[in-house]
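Now for the letters of each chain:
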Amino acid sequence: MPELPEVETTRLGVLPHLRGRAVLSVIVRRGDLRLPVDPGLEGLVGCRFIGVRRRSKYLLADVEGGRTLLIHLGMSGSLRVVPEADEWRKHDHVGLSLDTGRQLRYHDPRRFGMILVHETAMEVGHSLLQHLGPEPLEEEFSGVYLHSVVRRRRCPIKQAIMDATVVVGVGNIYASEALFRAGIRPVTQAVRVSRARCDLLVGSIKEVLAEAISQGGTTLRDFLRSDGEPGYFRQRLMVYGRGGEPCRVCGEPIRQRVLGGRSTFWCRVCQS
DNA sequence: CGAACCTCCTGCGGGC
DNA sequence: TGCCCGCAGGAGGTTC
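Residues numbered from 1 in each chain as written. Chains lettered and ligands numbered in written order. Predicted model: local features only at pLDDT ≥ 70, side-chain atom pairs only at ≥ 80, totals over all residues. Heavy atoms only, no water.

K.L.:
Help me out: how do you make sense of the pattern of salt bridges in this one?
P.N.:
Where charged atoms from two side chains of opposite charge approach closely, those side chains can pair. By the definition in use, this model includes 19 salt bridges. Among the ionic pairs, D99 bridges to R21, the shortest N-O distance being 2.9 Å. Here R21 lies in the loop between α1 (4-18) and β1 (23-28) and D99 lies in the loop between β6 (92-98) and β7 (102-107), a separation of 78 residues in the sequence. With a relative accessible area of 28%, D99 lands in the partly exposed category. (Salt bridge = Lys/Arg side-chain N within 4 Å of Asp/Glu carboxyl O. Helix = DSSP H or I, 4+ residues; strand = E, 2+ residues; numbered from the N terminus. Buried < 20%, exposed > 50% of the residue type's maximum accessible area, 1.4 Å probe, protein only.)

Structure follows, in structure tokens:
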């Protein structure tokens, strides 16, 4: 479910509940996620959270003493902070009780997510975080950079920007949205995207992600922020999920096809 | 190295 | 109403 804006929304939501708080107990009801829930999770009892960072779609909650709790939400994961006594819902798999009387709950119907504990706060230390490309909202992600990478790619540009070794955090929704804003068709061969259009595309990716974060992410079916509110970016989607509906700019029916196994949307008039 | 394909899992909406 | 099929926001692994 979550792309970068949803993960960032989650981070902002849980941060005030975690920062400075200690873990009193850990409950794992169901540990068979994409990877087994790290047994080291129990070792966080008694530890105090310093803060919560994000790298790619990983949430990194640092505790005093140099360990980091890594949480990936997969396709359907979410976090919320509830009173400890609150009833456990179906698919609530893990709970971390805090010294505030509240509990951080991990919920994930499809169980594609991950909960890991890493020994050092250095994000590059974990093997899952190596080989990741730049953060899309950092300066390092520029038109020059994208052009240099894309030069050797024969795949469609959409698949290139969804490749986490190229740039992290651009998932299926925002890939279609950014390409619409940049006026580039998703099927365009990456290698044929000019330097000028790479500039445009990078600008569009930054813009659409920043806007989505400011709206609390996109709720399609089930994404809820950690406070239980939906994200409001859905109303601003120009093409994603709008196959056959009129383009909001020119009225042309939005096209849809599968690219690399993922549904892809574009306007053949506004994008070329 | 790049690219195509497969896989994990549950829920839901559409079609019949 | 009920059942079956296909599809879903991710991403690591394998194979060529």
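K.L.:
What's the story with α1 in this structure? I'm lost.
P.N.:
It helps to recall that an α-helix has 3.6 residues per turn; residues three or four apart then point in one direction. The first and last C-alpha atoms of α1 sit 20 Å apart over 15 residues, in line with the 21 Å expected at 1.5 Å per residue. Once α1 ends, the next one or two residues include G20, with phi positive near 80 degrees. (Expected span 1.5 Å × (residues − 1).)

K.L.:
Would you explain the packing of aromatic side chains in this entry?
P.N.:
The geometry of an aromatic ring pair comes down to the distance between the two centres and the angle between the two planes. Taken as a whole and assessed by the stated rule, the structure comprises 3 aromatic pairs. Ring centres of F141 and Y145 lie 6.2 Å apart, and the angle between their planes is 65 degrees; this geometry places the pair in the edge-to-face category. Both residues of the pair, F141 and Y145, count as buried. Between Y240 and F265, the ring centres sit 5.2 Å apart and the planes meet at 65 degrees, which makes this aromatic pair edge-to-face. In this pair, Y240 is assigned in the loop between α5 (195-214) and β9 (255-259) and F265 in strand β10 (residues 262-266), connecting sequence segments 25 residues apart. Here Y240 falls in the buried class, since its relative accessible area comes to 18%. With relative accessibility at 5%, the residue F265 sits in the buried group. (Phe/Tyr/Trp six-rings, centres within 6.5 Å; stacked < 30°, edge-to-face > 60°.)

K.L.:
Explanation requested: the protein's contact with DNA strand B in the structure shown.
P.N.:
In the region of DNA strand B, the neighbouring residues are K90, H91, P109, R110, R111, F112, R153, R154, C155 and Q159. Between a phosphate oxygen of DNA strand B and a side-chain N or O atom of K90, the distance comes to 3.1 Å. Within the contact set of DNA strand B, a phosphate oxygen lies 2.6 Å away from a side-chain nitrogen or oxygen of H91. Along the lines of polarity and charge, the residues of the surface near DNA strand B split into 3 nonpolar, 2 polar and 5 charged. (Near = heavy atom within 4 Å. Polar contact = N/O pair within 3.5 Å; in protein donor to acceptor, adjacent residues only side chain to side chain. Nonpolar A, V, L, I, M, F, W, Y, C, P; charged D, E, K, R; others polar.)

K.L.:
Explain the sheet that holds β1 to me, please; I cannot follow it from the model alone.
P.N.:
Two modes of strand pairing occur in sheets, parallel and antiparallel, and in both the strands are linked by backbone hydrogen bonds. Spatially, the 4 strands line up as an open sheet ordered β1-β6-β7-β5, and their pairing is antiparallel. Of all the strands in the sheet, just β1 and β5 (78-83) have a single pairing partner and so form its edges. Strand-to-strand, the axes of this sheet are offset by a mean angle of 20 degrees, without reference to chain direction. Relative to β7, β6 runs antiparallel, the two sharing 5 bridges. In the sheet register, S97 faces β7, and the bridge partner there is Q103. Those strands touched by α1 are β5, β6 and β7, and its axis lies near 30 degrees from that of β5. (Pairing = 2+ DSSP bridges. Axes fitted to C-alpha atoms, helices over the stretch in contact; angles between N-to-C directions. Contact = heavy atoms within 4.5 Å.)

Purely geometric stuff here, so don't read any function into it on its own.
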